[in-house]
Amino acid sequence: MSYGEVTLVGGGPGDWDLLTVRGLRALEAADVILTDHLGPASQLEEFLDISRKEIIDVSKLPYGKQVAQERINELTVQHAQAGRRVVRLKGGDPYVFGRGFEELAACAAAGVSCTVVPGVTSAISVPAAAGIPVTQRGMTHAFAVVSGHLPPGHPSSLVDWEALARTGGTIVVVMGVRNVAAICSALIAAGLDAATPAAVIQEGETAAQRAFYCELCELADVMASNAVAAPAVYVIGEVAGLAQPR
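The notes below deal with the structure included here. (Residues numbered from 1 in each chain as written. Predicted model: local features only at pLDDT ≥ 70, side-chain atom pairs only at ≥ 80, totals over all residues. Heavy atoms only, no water.)

Before going further, it helps to examine the side chain of histidine 79. Along the chain, the position of histidine 79 falls in helix α3 (residues 69-81). According to the relative accessible area criterion, histidine 79 is buried, its value standing at 13%. At 3.1 Å, the side chain of histidine 79 and the side chain of arginine 84 are in polar contact. Ignoring sequence-local partners within four residues, the contact set of histidine 79 consists of Val32, Glu54, Ile56, Arg84 and Val86. (Helix = DSSP H or I, 4+ residues; strand = E, 2+ residues; numbered from the N terminus. Buried < 20%, exposed > 50% of the residue type's maximum accessible area, 1.4 Å probe, protein only. Polar contact = N/O pair within 3.5 Å; in protein donor to acceptor, adjacent residues only side chain to side chain. Contact = heavy atoms within 4.5 Å.)

In structure tokens, the structure reads:
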């Protein structure tokens, strides 16, 4: 039996023109596109002729609509086994909190060819859009990207927040809006200076981008008072103080 193929495409952090050229070519060649809600998914009609493509929304909205990962895997494999060219379009990069490897493994188990097109991750590009470099010569030589979808102390959390507080590097938190107060408190309790510069960027690299700059001890209140909602990235570290509010 001759199967189609699957391409996992990283769509980048926001506007469609942050796609890679390789990712755009894969989308142009696709018969079926399974999309997340982040990245360029909402802009497909602006840069792509979708009249002959099947578009399937498989979004996982934070604390909202959820398409089970098993169902996404099933749809991806089914369409490929029907001989179609499938693009699984993800926000950011498929391998940075994108569950891309799980989808590649599902394809491999079904005997379906799957390739990965990297994308620009929001963990680095969104801070840059707000004027923040995650590293800076003479200031910090390291940065950590962590998921904040579980609070410190949660039995399923794999993040060592105490260790992060001691690294001296930049901390970039994604998927952490709901748990920002607990995360900030844990970092301060572990010894990170409460006056450490911090910033939060909502809807980064889109026309709706908003950024707020403060100190670590103020971050949760700043986010609450400005009704910051997902998708948002926050940055904690000396580099956040380099940005000029605009």
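We are not done yet, so read on.
This part is about unusual backbone geometry. With an omega of 5°, the peptide bond running from alanine 230 to proline 231 counts as cis. Tracing the chain through its elements places proline 231 in the loop between α8 (219-225) and β10 (232-236). Non-glycine residue glutamate 203 carries a positive phi angle of around 55°. Judged by relative accessible area, which is 27%, glutamate 203 ranks as partly exposed. Here alanine 227, not a glycine, exhibits a phi torsion of approximately 50°, which is positive. Within the element layout of this structure, alanine 227 appears in the loop between α8 and β10.

Taken in spatial order, the 5 strands make up an open sheet running β3-β2-β4-β1-β5, and their pairing is parallel. Pairing within the sheet leaves two strands with one partner each, and these edge strands are β3 (54-57) and β5 (113-117). Ignoring which end each strand starts from, the neighbouring axes of this sheet average 20° apart. Looking at chain direction, strand β1 (residues 5-10) and strand β4 (residues 85-90) are connected through 6 bridges and run parallel. Paired with valine 6 across the two strands is valine 86, which belongs to β4. Docked against the sheet, helix α1 (residues 21-29) engages β1, β2 (32-35), β4 and β5, running at close to 135° with respect to β4. (Pairing = 2+ DSSP bridges. Axes fitted to C-alpha atoms, helices over the stretch in contact; angles between N-to-C directions.)

Attention shifts here to the environment of glycine 241. Looking at the secondary structure, you find glycine 241 in the segment after β10. Residues glycine 241 and cysteine 214, 27 residues apart in the sequence, show an inter-C-alpha distance of 8.4 Å.

Take the side chain of asparagine 179 next. Mapped onto the secondary structure, asparagine 179 falls in the loop between β7 (170-174) and α7 (180-189). Overall, the relative accessible area of 10% leaves asparagine 179 in the buried class. Apart from the residues lying within four places of it in its own chain, the contact partners of asparagine 179 are Gly148, His149, Leu150, Pro151 and Tyr234.

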